[in-house]
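# Chains, contacts and geometry: an overview
Residues per chain, in single letters:
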Amino acid sequence: MKSASLLVFVLAFGAGASYGAARSVDPHHPVVDGKPMTQAEYLKKYCAGPESAKDSTCVAVSKALNADATKGKLPKGW
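Just so you know, these numbers come straight off a predicted model, no measurement behind them.

Okay, the overall build of the protein next. Along the backbone of the protein there are 3 helices and 2 strands. Reading the helices (α) and strands (β) of the protein from amino to carboxyl end gives α-β-β-α-α. Residue pairs in contact within the protein that sit at least 24 positions apart in sequence constitute 31% of those at least 6 positions apart. As displayed, the protein has an accessible area near 6,300 Å², and 66% of this comes from carbon and sulfur atoms.

Moving on: the packing of aromatic side chains. By the definition in use, this model includes 1 aromatic pair. Ring geometry for Tyr42 against Tyr46: centres 5.3 Å apart, planes inclined by 45 degrees, an arrangement best described as tilted. In this pair, Tyr42 and Tyr46 both sit in helix H2 (residues 39-46), 4 residues apart, roughly one turn of the helix. Since its relative accessible area comes to 0%, Tyr42 is described here as buried.

Below, the discussion takes up the state of the cysteines. For the structure shown, the criterion picks out 1 disulfide. The side chain of Cys47 participates in a disulfide bridge whose partner is Cys58; the two sulfur atoms lie 2.0 Å from each other. Looking down the S-S bond of the Cys47 and Cys58 bridge, the torsion is -85 degrees, so its handedness is left-handed. Of this pair, Cys47 sits in the loop between H2 and helix H3 (56-69) while Cys58 sits in helix H3, placing them 11 residues apart in sequence. You'll find Cys47 and Cys58 in the same group, each marked buried.

Conventions we followed
Residues numbered from 1 in each chain as written. Predicted model: local features only at pLDDT ≥ 70, side-chain atom pairs only at ≥ 80, totals over all residues. Heavy atoms only, no water. Helix = DSSP H or I, 4+ residues; strand = E, 2+ residues; numbered from the N terminus. Contact = heavy atoms within 4.5 Å. Areas by Shrake-Rupley, 256 points an atom, 1.4 Å probe, with all protein chains shown as cover. Phe/Tyr/Trp six-rings, centres within 6.5 Å; stacked < 30°, edge-to-face > 60°. Buried < 20%, exposed > 50% of the residue type's maximum accessible area, 1.4 Å probe, protein only. Disulfide = S-S within 2.5 Å.

Dropping the structure here:
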């Protein structure tokens, strides 16, 4: 019985791990399989679809993209 529950856990974890991308440590500078990506590229490739709203990495990268968009100097005249 123990081996059956372990098998179910391994299969469920394996199926969940194969969906999407490897988890990024820094949402401001996402890296997938050693390849740096822009936040927009990451969101377009790995966070398309309704399931992405539940994924904490997609949410973090989206929030970081919005925060980074407000950084910088104001245009002349502001």
